[in-house]
Number of protein chains: 2
Amino acid sequence: MSNTLKGACVFGQSGGPTAVINASAYGVIRAALDAPEITNVYGAAHGITGILNDTLYDMGQEDAKELELMLNTPSSELGSCRYKIADPDKDDTDYQRILEIFKKYDIRYFFYNGGNDSMDTCNKVSRFMEKSGYECRVMGIPKTIDNDLVGTDHCPGYGSAAKYIATSVAEVCKDTYVYDVGTITVVEIMGRHAGWLTGASALAAISCAPPDLIYLPEVDFEIEPFIEDVSRIYKEKNKCLVAVSEGIHYADGTYVSEAKVSSTDGFGHVQLGGLAATLSGIIKLHTGSKVRGIELSLLQRCGAHLASQTDIDEAFRAGKYAVECALRGETGKMVAFERDMSSGSYAVKLVLQPLTIVANAEKKVPREWITPEGNNITSDFIDYALPLIQGENNRILESGLPRFAHLKKVLVK
Amino acid sequence: MSNTLKGACVFGQSGGPTAVINASAYGVIRAALDAPEITNVYGAAHGITGILNDTLYDMGQEDAKELELMLNTPSSELGSCRYKIADPDKDDTDYQRILEIFKKYDIRYFFYNGGNDSMDTCNKVSRFMEKSGYECRVMGIPKTIDNDLVGTDHCPGYGSAAKYIATSVAEVCKDTYVYDVGTITVVEIMGRHAGWLTGASALAAISCAPPDLIYLPEVDFEIEPFIEDVSRIYKEKNKCLVAVSEGIHYADGTYVSEAKVSSTDGFGHVQLGGLAATLSGIIKLHTGSKVRGIELSLLQRCGAHLASQTDIDEAFRAGKYAVECALRGETGKMVAFERDMSSGSYAVKLVLQPLTIVANAEKKVPREWITPEGNNITSDFIDYALPLIQGENNRILESGLPRFAHLKKVLVK
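- Naming follows an unreviewed UniProt entry, where chain A appears as Pyrophosphate--fructose 6-phosphate 1-phosphotransferase of Sporobacter termitidis DSM 10068.
- Among the UniProt annotations of chain A, the heading Cofactor (unreviewed entry) holds the following wording: "Mg(2+)".

The structure is reproduced here in structure tokens:
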């Protein structure tokens, strides 16, 4: 079989946005526009739902300079979705519709950028097209600030969120030591099941000091040792800075953020207002200290002004590589990163992984990168995360504020 | 009288920290170290309490390069305090102690950097020294992200916080439009009594779009029109972005953040977890929409990585000018900014204001810069705030994270 496949391509973004998902989009779109085999480059409005609804943008009509600005534009420029596609063996309605649209536009390349759910979508679409005998090359491009995809050293989006978190925690650390009165600060960081983001708070040590305590969802949370740890450090230093993952949970799986704390602790009611507020209330009760709860909220996923240039470059390369690989015949794969330290310094090699091993799996922080007590991370974690936050981005400003891409988003008729 | 006064100087920082208060500190310390009349340059640990406790740092022992790094180091490097000094006519214990310390170290110059409370402290110390016949020149240097000092066009610290807020709201704005499901986002911004910071959210229009609704504490908040406004915009656009000042309050003065919402609204209990959470709950109940509450918290006051270079420069100049004026005989004054648009573009002129007119007063956003409905700001506000956020800072990084000043803080024996 010849590897040359002529036809259109469609690209979609899915799941929660990141600071660099549009850099991957630009990688795909730029490479696809430049490829002679690709007749038309379409962007799906709101991911797979844009294909199902036949709302596709003609990326060929965009201004080249505006497209390039996507390198520094946060959030998903083409729109995202959280649509969970059915199992084709049970209900193939969506897949028949996708096939119909692919045929309508002669789409022979499908690039999808997202997390594990999106890789699952990719995988199912890929299998269905194969079964249907419709030649279409399907490639997944990883993306998630959570950094929890298997088969890759790390995920585009993580390095930038990590840089945002480390910088913000360093600044909060400076702020914590301002007054001579005792203060305890609890910073709540994203990550329901994996602690990669919360662990990145330890990088603040480079600027100021690391959090005194770090709690990841990989370890069951226990309230008594937590109170003891905080109280002990507060007694020693008159300060305590704590970083917690939003996903910390008790041994029975209940999230601390939604948990009733046992009435023997004086709390018989469900706490409102997020995890940082919940833990702040508990600590205040036990120490009498001034306690501040800070939730980094979605600022950490859209903070493009602090995006790591390493992350932007890698996100772009991942998108471009997906196109290059598809053009030479690859399908059913996700682009992945292999860390290469052979030169003594950090480098990354792009490889492919079968979508099957990526879909619906989760990569967690190794237990041995967390201290035995479960209240901090080890230097292995630092060594892993530090290279990913390197490099300041060269974003373009207008009147002191970021100049984001303005796309025309011309709908295909 | 000759203007030449030989002796030591002491400098202190007070109140909540900002991204650029250390730039003013550097302005004072650098100019004082370079002045032949000034024999010793002392830094008070934790503001006025450092003078009362005789804990002074010898700034002459610091490395010049580390001192310069204060230009990009957030928070109050010498430590801050919230100590409210007594009225000397009622209790002059503190003042006698200050006089004792001033005499002990031959301190003839006192520079104090802070908000209205600190200008009040300056003013009282100044009057007391005069009454005691101890020659000591006292100068105040303004500082507050709240921007609420009278007698000055704006305050050092405001421009950087405004830039942080505008950039973050622009990024949140991008994030808001990602999904095709309806979303309402409420961003809570600092400012108990004045809406300068919250108004700055409108600058996000330059990058993305301004908040649809902006509520400042200058206007009494009413829950019914608020719900109507949000519901109307949400119906029109399927999105609504709201910026609220933490200080919004009902006509009776009760803060919305701590208010019981009347039980006819279905809320009979005090809401926990901050204003954004409170308002999010109310909106969710009335619209059924997905609602996200975001609190910019103290990130907005310590976000030095986004500090406006205009603000850094002006903060530095203010500190330096305080020393220059004191050396030529001025006392009992605060450094202030006069905006000079005579060249057609923004410039600032440094002037002096009597401490008496600054102490304990508050400057609010003019009512005519707020729309008649009280739910947005006018273009006059934009014209005022925009020049203050200009210029990207040249911060120094180390391993991808900010390199803050490391001072030795050698205590004077």
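1. Some thoughts on the domain arrangement of chain A
All names here are of chain A.
Piece 1. Under the domain assignment used here, chain A contains domain 1 (7-146 + 304-360 + 392-402) and domain 2 (158-302).
Piece 2. The C-alpha-based centres of domain 1 and domain 2 are spaced at 35 Å.
Piece 3. Each partner contributes to the interface: domain 1 provides 17 residues, whereas domain 2 provides 14 residues.
Piece 4. When domain 1 packs against domain 2, the two sides together hide about 1,200 Å² of surface, and 57% of this comes from carbon and sulfur.
Piece 5. The largest contributions to the domain 1 side of the interface with domain 2 come from I145, D146 and L306, which together make up 51% of the buried area.
Piece 6. Viewed at the interface, domain 2 and domain 1 are joined by one salt bridge.
Piece 7. The interface formed by domain 1 and domain 2 includes five residue pairs in polar contact (both at pLDDT 80 or more).

2. Details of the pairing of strand β10 (residues 333-340) of chain A
All names here are of chain A.
Piece 1. Sheet topology places strand β5 (residues 137-142) next to β10; two bridges connect them, and they run parallel. Following the sheet pairing, G140 is matched in β10 by M334.
Piece 2. Here β10 runs beside strand β11 (residues 347-354); their pairing, made up of eight bridges, is antiparallel. Within β11, the residue paired with E338 across the bridge is K349.
Piece 3. Between β10 and β11, which pair antiparallel and follow one another directly, the connecting turn spans six residues, one of which, G344, has a positive phi of 95 degrees.

3. A look at the UniProt feature "binding site: diphosphate" (unreviewed entry) in chain A
Piece 1. Under the feature "binding site: diphosphate" (unreviewed entry), the UniProt entry names A:G16.
Piece 2. Along the chain, A:G16 falls in the loop between β1 (7-13) and α1 (21-34).
Piece 3. The contact partners of A:G16, leaving out residues within four places of it in the chain, are A:R82, A:K143, A:R301 and B:Y179.

4. Here's the deal with the packing of aromatic side chains
Piece 1. Counted according to the given criterion, the structure contains 31 aromatic pairs over all chains.
Piece 2. Here the aromatic rings of B:Y95 and B:F128 are separated by 5.4 Å at their centres, their planes lie at 35 degrees, and the arrangement is tilted. Taken together, the residues span a long stretch of sequence, with B:Y95 in helix α4 (residues 93-104) and B:F128 in helix α5 (residues 116-132) at a distance of 33 residues.
Piece 3. Taken together through their ring pairs, the aromatic side chains of A:W196, A:W369, A:F381 and A:Y384 make up a single cluster.
Piece 4. The ring of A:Y134 is capped by A:R108, whose NZ or CZ atom sits 4.1 Å from the centre of that ring.
Piece 5. When the ring centre of B:Y255 is taken as origin, the NZ or CZ atom of B:R192, which lies over that ring, is 4.2 Å away.

5. Considerations on the interface of chain A and chain B
Piece 1. Across the boundary between the two partners, chain A contributes 60 residues, which contact 60 residues of chain B.
Piece 2. For the pair chain A and chain B, the summed buried area comes to about 4,700 Å², and 60% of that belongs to carbon and sulfur atoms.
Piece 3. Its largest share of buried area at the contact with chain B, chain A owes to A:E171, A:Y179 and A:L401, together 15% of the area lost on that side.
Piece 4. Put simply, chain A and chain B have six salt bridges between them.
Piece 5. Here A:K174 makes a salt bridge to B:E77, at a shortest N to O gap of 3.0 Å.
Piece 6. Here chain A and chain B share 30 residue pairs in polar contact (both at pLDDT 80 or more) between them.
Piece 7. Here the element with the most residues in the side of chain A that touches chain B is helix α6 (residues 158-176) of chain A; it accounts for ten residues.

6. Considering the pattern of salt bridges
Piece 1. Overall, the coordinates contain 48 salt bridges over all chains when judged by the stated rule.
Piece 2. The partner of B:D153 in a salt bridge is B:R339, with the nearest N and O atoms 3.0 Å apart. Within this pair, whereas B:D153 is found in the loop between β5 (137-142) and α6 (158-176), its partner B:R339 is found in strand β10 (residues 333-340), the two being separated by 186 residues in sequence.
Piece 3. When salt bridges that share partners are traced, they join A:K84, A:D117, A:D120 and A:K124 into one network.

7. Let's talk about the packing of helix α4 (residues 93-104) of chain A against helix α5 (residues 116-132) of chain A
Residues and elements named next belong to chain A.
Piece 1. Axis separation between α4 and α5 bottoms out at 10 Å; the angle between their running directions is 70 degrees. What the angle tells us is that α4 and α5 run roughly perpendicular. Between α4 and α5, the contacting residues are Y95, Q96, I98, L99 and F102 on the first element and K124, V125, F128, M129 and S132 on the second.

8. Examining the environment of A:P142
All names here are of chain A.
Piece 1. Along the chain, the position of P142 falls in strand β5.
Piece 2. Residue P142 is classed as buried on the basis of its relative accessible area, which comes to 1%.
Piece 3. The sequence separation of P142 and G114 amounts to 28 residues, and the corresponding C-alpha distance is 5.4 Å.

9. Side note on the side chain of A:R292
Piece 1. Here A:R292 lies in strand β9 (residues 290-295).
Piece 2. Engagement of the side chain of A:R292 in a polar contact is seen with the side chain of A:T176, the distance being 3.4 Å.

10. Quick notes on the state of the cysteines
All names here are of chain A.
Piece 1. Counted under the stated rule, the structure contains two disulfides over all chains.
Piece 2. The disulfide partner of C173 is C208, and the gap between their sulfur atoms is 2.2 Å. Handedness here is read from the sign of the S-S torsion; for C173 and C208, about -70 degrees, the answer is left-handed. Taken together, the residues C173 in helix α6 and C208 in the loop between α7 (196-199) and β7 (213-215) connect sequence positions 35 residues apart.

11. Let's talk about the relation of the copies chain A and chain B
Piece 1. For the match of chain A to chain B, the screw axis carries a shift of 0.0 Å, the RMSD comes to 0.0 Å, and the turn is 180 degrees. Here the transformation between the copies is reduced to the relation of a two-fold axis.
Piece 2. Comparing contact sets, 100% of the residues at the interface of chain A also lie at the interface in chain B, consistent with an isologous, same-surface contact.

12. A word on the nonpolar core
Piece 1. Membership of the largest hydrophobic core comes to 131 residues, with the highest contact counts inside it found for A:Y158, B:I38, B:F111 and B:Y158.
Piece 2. Residue contacts for B:Y158: discarding those within four places in its chain leaves B:T144, B:I145, B:N147, B:W196, B:L197, B:A200, B:D311, B:F381, B:Y384, B:A385 and B:L388.
Piece 3. Membership of the second largest hydrophobic core comes to 36 residues, among which are A:V41, A:L327, A:V348 and A:L350.

13. Things to note about unusual backbone geometry
Residues and elements named next belong to chain B.
Piece 1. Positive phi is not limited to glycine here, since D54 has a value of about 55 degrees.
Piece 2. Topologically, D54 is positioned in the loop between α2 (48-52) and β3 (56-58).
Piece 3. If you check the backbone angles, N147 has positive phi at about 65 degrees while not being a glycine.
Piece 4. Take N147: it is sitting in the loop between β5 and α6.

14. A look at the sheet that holds β1(A)
Residues and elements named next belong to chain A.
Piece 1. In spatial order, the strands read β3-β2-β1-β4-β5-β10-β11; together these seven strands make up an open sheet with mixed pairing. Two strands lie at the open edges of the sheet, namely β3 (56-58) and β11, each paired on one side alone. Neighbour-to-neighbour, the strand axes of this sheet turn through a mean angle of 30 degrees, independent of strand direction.
Piece 2. Along the sheet, α1 contacts β1, β2 (38-44), β4 (107-114) and β5; its crossing angle with β1, the most-contacted strand, is approximately 175 degrees.

15. Digging into helix α8 (residues 223-237) of chain A
All names here are of chain A.
Piece 1. With 15 residues, α8 extends 21 Å between its outermost C-alpha atoms, agreeing within 8% with the 21 Å of an ideal straight helix rising 1.5 Å per residue.
Piece 2. The complete set of buried residues in α8 reads I223, F226, I227, D229, V230, I233 and Y234. On an axial view of α8, the arc spanned by its buried residues comes to 160 degrees, and they lie on one face. Every exposed residue of α8 that faces more than 90 degrees away from the buried side is listed here: E228, K235 and E236.
Piece 3. Positive backbone phi, at 70 degrees, marks N238, one or two positions downstream of α8.

16. Quick word on the UniProt feature "site: Important for catalytic activity" (unreviewed entry) in chain A
Residue and element names in this part refer to chain A.
Piece 1. When the UniProt feature table is mapped to this numbering, "site: Important for catalytic activity" (unreviewed entry) covers K143.
Piece 2. When you line up the elements, K143 lands in the loop between β5 and α6.
Piece 3. Discounting chain neighbours no more than four positions away, the residues touching K143 are S14, G15, G16, T18, I21, N113, G114, G115, L149 and P156.

Analysis parameters
Residues numbered from 1 in each chain as written. Chains lettered and ligands numbered in written order. Predicted model: local features only at pLDDT ≥ 70, side-chain atom pairs only at ≥ 80, totals over all residues. Heavy atoms only, no water. UniProt positions renumbered as here; feature names shortened; annotations may be inferred. Domains from an automatic or database assignment. Contact = heavy atoms within 4.5 Å. Buried area = accessible area lost by both parts, 1.4 Å probe. Salt bridge = Lys/Arg side-chain N within 4 Å of Asp/Glu carboxyl O. Polar contact = N/O pair within 3.5 Å; in protein donor to acceptor, adjacent residues only side chain to side chain. Pairing = 2+ DSSP bridges. Helix = DSSP H or I, 4+ residues; strand = E, 2+ residues; numbered from the N terminus. Phe/Tyr/Trp six-rings, centres within 6.5 Å; stacked < 30°, edge-to-face > 60°. Lys NZ or Arg CZ within 6 Å of the ring centre and 35° of its normal. Axes fitted to C-alpha atoms, helices over the stretch in contact; angles between N-to-C directions. Parallel < 35°, antiparallel > 145°, perpendicular 65-115°, else oblique. Buried < 20%, exposed > 50% of the residue type's maximum accessible area, 1.4 Å probe, protein only. Disulfide = S-S within 2.5 Å. Least-squares fit on C-alpha atoms with pLDDT ≥ 70 in both. Core = buried A, V, L, I, M, F, W, Y, C linked by side-chain atoms within 4.5 Å. Expected span 1.5 Å × (residues − 1). Arc of directions from axis to C-beta.

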